[in-house]
Every structure is written in structure tokens, then in C-alpha cells.
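# An overview of the molecular structure
For reference, the chains in residue letters:
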Protein chains: 2
Amino acid sequence: MIDLTLAGTGAMTPLPDRWLSSLLVRVRGELILFDCGEGTQISLKRIGWGFRRIAAICLSHHHADHVAGLPGLLHTIANAGRTGPLLITGPPHTRDVIAGLRVIAPDLPYPVEVCDLKGGDVFALPGGLQGSVAWADHRVPCLAYRADLARARRFDAEAARQLGIPQHLWRRLQVGERVTWEGGATEPDALLGPNRQGVSFAYVTDTRPVPGFATFLAGVDLLVCEGTYGDDADQAKAIRHTHMTFAEAATIAHEARAGQLWLTHFSPAMADPAQWLSNAQAIFPSSVVGSAGIKTSLAFPEDEASDPELPVL
Amino acid sequence: MIDLTLAGTGAMTPLPDRWLSSLLVRVRGELILFDCGEGTQISLKRIGWGFRRIAAICLSHHHADHVAGLPGLLHTIANAGRTGPLLITGPPHTRDVIAGLRVIAPDLPYPVEVCDLKGGDVFALPGGLQGSVAWADHRVPCLAYRADLARARRFDAEAARQLGIPQHLWRRLQVGERVTWEGGATEPDALLGPNRQGVSFAYVTDTRPVPGFATFLAGVDLLVCEGTYGDDADQAKAIRHTHMTFAEAATIAHEARAGQLWLTHFSPAMADPAQWLSNAQAIFPSSVVGSAGIKTSLAFPEDEASDPELPVL
């Protein structure tokens, strides 16, 4: 199960009634934040999922409206009592950017681990998520993020009992290891069901459409994607500023066969993004105009309670 | 005439209903901002005095809740079309802090001039204000600011006419120069009235009371001063965190014979600062609990319209 909520939907500058674009994700008790513009921590405070468990912050790129909230948030996470490591990822030179911004957050009670990523990288995110990134197409190096929560194959506890496999070996079988014990040995396949579908989401902002997105984003349950301009007539402006229209974002969701699309990163000139929703829904019906605080949960297709014996890995 | 408005009154962390402490000042069409925590630009947007004319930003110290909003604001000032220089002042190492933060605001269409100050310095602020700073007493180097708008002595235009002084020389007389012309010469004192009182304000935050404040702040028309804790019972906490109670701030206002006191920089733990106002008013009756958007104007004691001939210098 993954819980997701938007912390903001703005672009360029924070407005009195619109926080900058940011996505907060909760998985297995860990929090992951995507982008952190000025004021994001105020929106997070309102959402109320807490600060101490923020274990990773993933930056799309280094424009101020996506990172300027970092020093303040790092302090607030400290004040909330975090001591465990915090991972910050971003495109090349993220280390330099964090070093610069930490001039006003030099001493923190937890280690900050910065990881510069490049398109094609696959990396571990907290909560057992597998992260992956693809190059976006923006004026500066920018990353599109995808995160997948794999689901373990079903473990046949009854068969394991009948074979007399000691229970402390079950977990190793579940993760695919061969086990031996006094009186026997078995391959994991004998006790594991077929592969099962996991859940996934993606966070894609500050980019033109990229041909590879259809593959990179294939089958995500939730696509959080920029739609800086709602009006199709702003297509030329979208190209000029390396952003997208609602229709372009919806086309990406359609081609990737996403489950749902949350539009975000609205131009400050667009007072009422909802008025353009039909431009997205005409192409991808499950489109939603994002707003701070909207939430959803991505659950495994089958009830997790069907695996009572072992924690899902 | 100086217009002043509070952009925020918070301490430590921005809250959904309380922006961080900041003061915006308008004088002769120029804007000066005192401190710039995360979210200050959002509050400024609501105040509506614009961004293009922000000509100076004065930092009390380098704690994040007083400076983290800088990179975002620098971008917003750029987007508003500023091309003239922007002065940033602060305690020693302000240059380094600005250099660090500008990692996400490297290219601006206006020059940024950073000036490191130390207690005792007197410097020019935009709009003809004379700035001065004194050391505050905080955990890190911190400055208390005072700004004075001097008033020119009254120029006796009638006498100048009778003496036959050419009108293009009047301005030089008004600023205190001796002038000569075909057929005469005169000292400025002959045409200038007695000294006249100007107006002044001060911005003092993140400090314990300092003995020299009574002199440094003597006679300011408006003292904007931190009162992190309203309850007298929090005195020990105030000492421990190098802040002040309302009563201590009011004592400073009283000793300096200030015109009015605006309390600000409220601890996030203090939900309703107004409930402690009486602790300040018992010592200094003209105390006000600050809130974002409160405004005042400091006008010269005599009507400026009494100087119709020349612009006030």
C-alpha cells in the first residue's frame, strides 16, 4: 500500500492560494517527498503526516521553485527529532546545490546523503520502493521519477508445514533462496506462487513530452504529471518554455496506459486550472486537476490479508 | 513619510497561519525589506506593494527562519522587471551566505550588492534613509537596525526672492552650501529655519536586551521588536534561547522613549500572542501585538505641504 498526497500544484512562484508543486508519499511508515519549493513545509504541516519520517527527498531539477524550500525543511525535520539518514536525489550537481543551500543549515542531527542521478538509473528508495529515473526535456538537466513497490510471490505456508520446513527458513524461501535443513532441502519455486503485480507511481514535471516516456511510465497506477498550460492554444508557449499542455500530459498517460493522471505545476497565469480539465479528459478520461491535499492510496490488486503468515517483503 | 507593514510575525518555522518575521518599508517610492524567511514573498504578494522596487534587504542574522526566502524572492524581483541594483546587508559573512544561496539564483537581471556590517556602522539605505546597526545579543552574530529619515530645515523662499537669489541656486542653499551669484553672496543659515525633527523606526529581533539599546533606539517613532514569549513565566526560556519576553521588549521601548512598539517573532508554541499583550502594555502602553498586514505611516511632525517650493531632500 502506498499513500500519496499533493503538497502543491504551483509553478515558478508560490502564491497565497497555491503552493509550489510537490508530492508526498507514504509507504510502510516512511515518507518520501518529490520536489521542495519555497513553502512546501507549510503545506506539509497542513497535511499532517509529520516530518520525522521523511527519509528521502527526490528533486526533479535545480530551479528555485523546486528546491528553495529545502533548507527550511531540513531544519524542521531536525526539530521533529529525526536521527536516521535522509537521502536526497537529483540530477547531476545536486551535491553542489545542497552544499550551497546548507550554508544556512550546516548542523543537522541526522546524516544527509546526496545522490546525483542520471537518466536510466535505478536506485533504492525507502519503504522498499524501487526508484528509477529518465531524462526529462527541460532547459536544464531534469529527471522524471518512477517508483515501484514489488509484491512478493505468494508463499504456500501449508505446503511448507507439510514438508516439515522449519519456520525460521520460510522467509529465505520467500525471497527466492534455496534452503536445506536436517532431513531435507527445497527450491523456493516449490513453495511460491506465480508472480504478482505490484503498485507504482511516477512524478514527471518540467519537461516536454519525451518519446521514451511511454515505456518508462508503462502501467503506472498513478501518474503525477505537469500540465503547465490548460488551454490547447498555449501549445506554442509550452514549447517555448519546455513545459506541457494538459492535452500533452494526458497523451503521455494514455500512451503509458496509466491508471490515473493527476495534473500539477500550473502556470501562475492560470487562475482556474479546472476549467481546462476537459482538454485532458478527452484524451485520458481518468484525469484529475490536482490541488493541495488531494490523496489516494495504491493497494495491491489482491487483498494483502491473503498473506497472513509473513510480512510482505 | 515612511510606510511600514509587517509581512510576518513567526519564529523558527513558518506556520499555515503565521508567516515568519519580516518588515516591509516604503519610503519615497523605494522598498526595503527587513529579514526574509521562507514564505515571505507570499506574504509580500498579499500586501501588494510590488516587488520591482525592492531596493534593499536587511538581514538581522543568518538563521534560516530569517533568510531562507531570499533565493525565491530574488527570482520574483527579477520576474517583476527590476534592473537597478539591490543592496543586501547583514552581519559578517553575509557575502558567503548569499553566495551559497545563489546556487539556485545565479543569473539575475540586476546587480546584487552585499554589504557585511558590524555593530556601530552607519550606512545609506534607499529612499534617503540613514541606516545604523548595533550588535544584538543572540547565539550567532546578529544586528539590530535603526533607520532615520532626516528632515531638511525649512527654506525661506520669500527671503530668497527678496534677496534676488536666482532660483537655480536655492537647492544648494537648502543642503547647506554657500552660494554666490552676479551681484551677491549668502550663507545658507540666512535662509534656513531651525533644525526640524525627522522620523525613524527600528527593527530588533533575535536578541536579549542589550544595555546600549536605550541609546541606540532613542526616540524612534516605531520600534518593531521581538517578543518571542508573551508569558512572564517564560523568562528563563527567553534567556536560554537568547530571546525576549513581551515585558522585556516593552522595557526597551520604554527606556528608548519610542513612539510605538510592534511586537513580533512569536514562538510557534504561542498560539494566541494577543492574550499576553497586557504584559507589554503595563510597561509601555503603546504596545501592539503584530500580525501580518498591519500598517502605519510615519509622517513628519509638521505638514509637508508647508514646504511647497522645494522637494524635501
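Residues numbered from 1 in each chain as written. Chains lettered and ligands numbered in written order. Predicted model: local features only at pLDDT ≥ 70, side-chain atom pairs only at ≥ 80, totals over all residues.

A count of helices and strands for chain A gives ten helices and 16 strands. Here the C-alpha radius of gyration of chain A, 21 Å, is about what a compact globule of 313 residues would show, namely 20 Å. The principal-axis extent of the C-alpha atoms belonging to chain A is close to 70 × 50 × 30 Å. Looking at chain A residue by residue over its 313 residues, the buried ones come to 49%. When contacts within chain A are restricted to residue pairs at least 6 apart in sequence, long-range pairs at least 24 apart make up 65% of them. (Helix = DSSP H or I, 4+ residues; strand = E, 2+ residues; numbered from the N terminus. Rg over C-alpha atoms; globule rule 2.2 N^0.38 Å. Buried ≥ 20, exposed ≤ 12 C-beta atoms within 10 Å, placed from the backbone. Contact = placed C-beta atoms within 7 Å.)

A separate point is the sheet that holds strand β16 (residues 295-298) of chain A. Residues and elements named next belong to chain A. As summarised here, the arrangement of the seven strands in space is β6-β5-β4-β3-β2-β1-β16, forming an open sheet in which the pairing is mixed. Edge positions in the sheet fall to β6 (112-116) and β16, since each has one partner strand and no second. Pairwise comparison of adjacent strand axes, ignoring direction, gives a mean angle of 20 degrees for this sheet. With three bridges connecting them, strand β4 (residues 54-58) and strand β5 (residues 86-90) associate as parallel partners. (Pairing = 2+ DSSP bridges. Axes fitted to C-alpha atoms, helices over the stretch in contact; angles between N-to-C directions.)

Each assigned domain of chain A is listed with its residue range as follows: domain 1 (2-151 + 201-300) and domain 2 (154-193). Using only C-alpha atoms to locate each centre, domain 1 of chain A and domain 2 of chain A end up separated by 41 Å. (Domains from an automatic or database assignment.)

For the rest of this paragraph, the subject is the sheet that holds strand β15 (residues 287-289) of chain A. Residues and elements named next belong to chain A. Strand order in the open sheet formed by seven strands is β7-β8-β9-β12-β13-β14-β15, with mixed pairing between adjacent strands. Two strands bound the open sheet, and with one partner strand each, they are β7 (122-124) and β15. Averaged over all adjacent pairs, the angle separating strand axes in this sheet is 25 degrees, with direction ignored. Bridge analysis of strand β14 (residues 260-264) against β15 gives three bridges, and the strand direction is parallel. If you follow Trp 262 over to β15, its bridge partner there is Val 288.

For helix α3 (residues 70-79) of chain B, the tally of buried residues reaches eight of ten residues, placing the bulk of the element in the interior. Within α3 of chain B, the full set of buried residues consists of Leu 70, Pro 71, Gly 72, Leu 73, Leu 74, His 75, Thr 76 and Ile 77 of chain B. Buried-residue contacts for α3 of chain B involve α2 (64-67) of chain A together with α1 (40-47), β4 (54-58), α2 (64-67), β5 (86-90) and α4 (94-101) of chain B.

So, on to the relation of the copies chain B and chain A. Note on the copies: chain B fits chain A at an RMSD of 0.1 Å, the axial shift is 0.1 Å, and the rotation between them is 180 degrees. Given the turn and translation reported, the copies of this chain are related as if by a two-fold rotation axis. Every residue of chain B has its C-alpha some distance from the rotation axis, and the shortest such distance is that of Gly 100 of chain B, at 2.0 Å. (Least-squares fit on C-alpha atoms with pLDDT ≥ 70 in both.)

Let us now look at the confidence of the model for chain A. On average, residues of chain A carry a pLDDT of 95, and 96% of them reach 70 or more. Overall, residues 308-313 of chain A carries pLDDT values under 50, and its contacts beyond four positions in sequence, including any with other chains, amount to 13 contacts. (pLDDT = per-residue confidence, 0-100.)

The subject of this paragraph is the pairing of strand β2 (residues 22-27) of chain B. Residues and elements named next belong to chain B. Taken across its six residues, β2 has six buried, putting it largely inside the fold. The side-chain alternation of β2 yields two buried faces, one formed by Ser 22, Leu 24 and Arg 26 and the other by Leu 23, Val 25 and Val 27. Across six bridges, the pairing between strand β1 (residues 2-8) and β2 is antiparallel. For Gly 8, the partnering residue across the bridge sits in β2 and is Ser 22.

In this complex, chain B contributes 27 residues to the contact, which on the side of chain A involves 27 residues. For the side of chain B that touches chain A, the elements supplying multiple residues, two or more each, are α1, α2, α3 and α4 of chain B. Of the residues forming the side of chain B that touches chain A, the biggest block, five residues, is contributed by α3 of chain B. The class makeup of the residues in the side of chain B that touches chain A is 13 nonpolar, ten polar and four charged. (Nonpolar A, V, L, I, M, F, W, Y, C, P; charged D, E, K, R; others polar.)

Relative to the assigned elements, Gln 162 of chain B resides in helix α5 (residues 157-162). Along the chain, Gln 162 of chain B and Ser 200 of chain B lie 38 residues apart, while their C-alpha atoms are 36 Å from each other.

Next up on the list: the nonpolar core. Ranked by size, the top nonpolar core spans 170 residues in total, and within it Leu 223 and Leu 261 of chain A together with Leu 223 and Leu 261 of chain B carry the most contacts. If near-sequence neighbours (up to four positions away) are discounted, Leu 223 of chain A is found in contact with Ala 202, Val 204, Leu 217, Ala 253, Ala 256, Ala 258 and Leu 261 of chain A. (Core = buried A, V, L, I, M, F, W, Y, C linked by C-beta atoms within 7 Å.)

Further remarks concern α1 of chain B. Residues and elements named next belong to chain B. Turning to α1, its buried residues number three or more, namely Thr 40, Gln 41, Ile 42, Ser 43 and Leu 44. Check the buried side of α1 and you find it contacts β1, β2 and α3. With its phi angle positive at about 85 degrees, Gly 48 sits one or two positions after the end of α1.

Among the secondary structure elements, Gly 50 of chain A is positioned in the loop between α1 (40-47) and β4. Along the backbone, Gly 50 of chain A and Ala 258 of chain A are 208 residues apart, and their C-alpha atoms lie at a distance of 29 Å.

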